[in-house]
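# Inside the fold
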Amino acid sequence: MEMLRSKWVAMAASIWIQCASGASYTFGIYSAVLKSTQFYDQSTLDTVSVFKDIGANAGVFSGLLYTYATSNHRRGRGGSFGGAGGPWVVLAIGAIHCFAGYFLIWASVTGLIGKPPVPLMCLFMFLASQSQTFFNTANVVSAVENFADYGGTAVGIMKGFLGLSGAILIQLYETVCAGNPAKFILLLAVTPTLLSLLVMPLVRIYETSTADDKKHLNGLSAVSLIIAAYLMIVIILKNTFGLSSWANIVTLVCLLILLALPLLIARRAHRDPMVKTVPPDYSPLINSPKATTTGDHSSESDSQIEAGMSENLNLLQAMKKLSFWLLFLAMICGMGSGLSTINNIRQIGESLRYSSVEINSLVALWSIWNFLGRFGAGYASDALLHKKGWPRPLLMAATLGTMTIGHLIIASGFQGNLYVGSVIVGVCYGSQWSLMPTITSELFGVRHMGTIFNTISVASPIGSYIFSVRLIGYIYDKTASGEGNTCYGSHCFRLSFVIMASVAFFGFLVATVLFFKTKTLYRQILAKRLHHR
């Protein structure tokens, strides 16, 4: 039982919850049955989908709840949160949201309850997708607190598994639900709820760490890459050749075995002696020293910035900082244009006359590229910070600059452009989801991190609405002239993606400004790390 009270088991439990919490990514599976049973037109279905995006990204309440649930139970001598508070409170509320929202949607689709008005269905969808923010907040913030020295890697793992969760849930759908979307909605109500309720007591925050933290985090990283590679192979096989029902069962069993591997990593890590203890409320990412500079004199304004950033700021205090708005603006450009790409990738493929098999492969593989970005950016940013001293906003700027190239490739319309462009945009889009929370913790502190990074995450649906509805949708409707308001040819989306390339480049410039504004802070972070070793 002692092994169960370790941060490695907490990490494994969080990974399992993350694997089931991305139900919002599977909307395309059941959107058709929702549309037909509720007699929606496309505009009404899109409205319901907007509330899904808002619910999955607007996690301010979950952040506030996390802060409240843990504020009176900060790390004690026992090494973990005690009493009634802790991350499990947030997970429990998320489970309630998940079951209530998806159960009511399922009841509406199957006729168990009367056809609800559209605003009420939007509320059901918002409630269901809000569960993702509760699961995500509890798992990500507790991981950062448990692995303060390697917050980027920890966040990358958590966000990476969330990115894979859509593909994992679709494997469940194809095996358990036998192609029945209504049953899948019930599965979404039950599976994440039961899983989170079963393992949430294991998700705690601990103040101890070992000299081999990085080694075991690398082990978890290797497991995540193996699972991603396995899912990619299965997706390609299914979309290319098709698999029988018994083959689906075999692939699902193999997937579940792979998902048990984090527990083996936790068991191995538990055997390592505890050789280092982090003092209460200490995080080398937050408590930057009031260090004196040697041979490099910062300006007075820089000194004032560092003094403010070295504290645990709440949301209102953080919003008074220019760095908050620079980060928010960069995320509108990066997350918004990336989400708009996946939202329209099917229509882009159809306009370029890709086959349905090719389009399905592109949609399914997006989760893999998304994962690689989330995991890779977290891991790489830690490595570059530790070994080279490079601030994380520099990597954010690099990924936004690369995303610019991806949008231009999609706009070009050359043969196979969507394959190359979707990989580049998918990886760069996913990277924002691991870089942003980690940078948030470094600039504004861990104590209110959940509230602050969930507020910044609202940039994703805002950007998606601007670029999907007001840009891509508007230009497509103006360009379309075929039967059924359709458009074929590279010109259908060219202008939209040239504009989005410009937006991504603007995000690159904003992230570059953030890099120069915070590089002194990151020098202090690195000095603090070296001082405590």
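Residues numbered from 1 in each chain as written. Predicted model: local features only at pLDDT ≥ 70, side-chain atom pairs only at ≥ 80, totals over all residues. Heavy atoms only, no water.

### As for the packing of aromatic side chains
- All chains considered together, the criterion is met by 17 aromatic pairs.
- Judged by centre distance (4.9 Å) and plane angle (80°), the rings of F324 and W325 are edge-to-face.
- Note on F324: relative accessible area 1%, which makes it buried.
- A network of ring pairs unites the aromatic residues F324, W325, F328 and F444 as a single cluster.
- Over the face of the ring belonging to Y379 we find K214, whose NZ or CZ atom lies 4.3 Å from the ring centre.
- We note R353 situated over the ring of Y488; from NZ or CZ to the ring centre the distance is 4.1 Å. (Phe/Tyr/Trp six-rings, centres within 6.5 Å; stacked < 30°, edge-to-face > 60°. Buried < 20%, exposed > 50% of the residue type's maximum accessible area, 1.4 Å probe, protein only. Lys NZ or Arg CZ within 6 Å of the ring centre and 35° of its normal.)

### Let's talk about the nonpolar core
- Ranked by internal contacts, the top residues of the largest apolar core, which has 145 residues, are M11, L34, Y102, I105 and M396.
- Residue contributions to this core peak at 13 residues, all from helix α14 (residues 322-351).
- Apart from the residues within four sequence positions on either side, M396 is in contact with L327, A330, M331, Q432, L435, M436, I439 and A511. (Core = buried A, V, L, I, M, F, W, Y, C linked by side-chain atoms within 4.5 Å. Helix = DSSP H or I, 4+ residues; strand = E, 2+ residues; numbered from the N terminus. Contact = heavy atoms within 4.5 Å.)

### Quick look at unusual backbone geometry
- Positive phi values are uncommon outside glycine, yet A178 reaches one of about 50°.
- Position of A178 among the secondary structure elements: in the loop between α7 (151-176) and α8 (181-199).
- Judged by relative accessible area, A178 falls into the exposed class, the value being 67%.
- For R353, which is not glycine, the phi dihedral falls at a positive 65°.
- Inspection of the secondary structure puts R353 in the loop between α14 and α15 (356-387).

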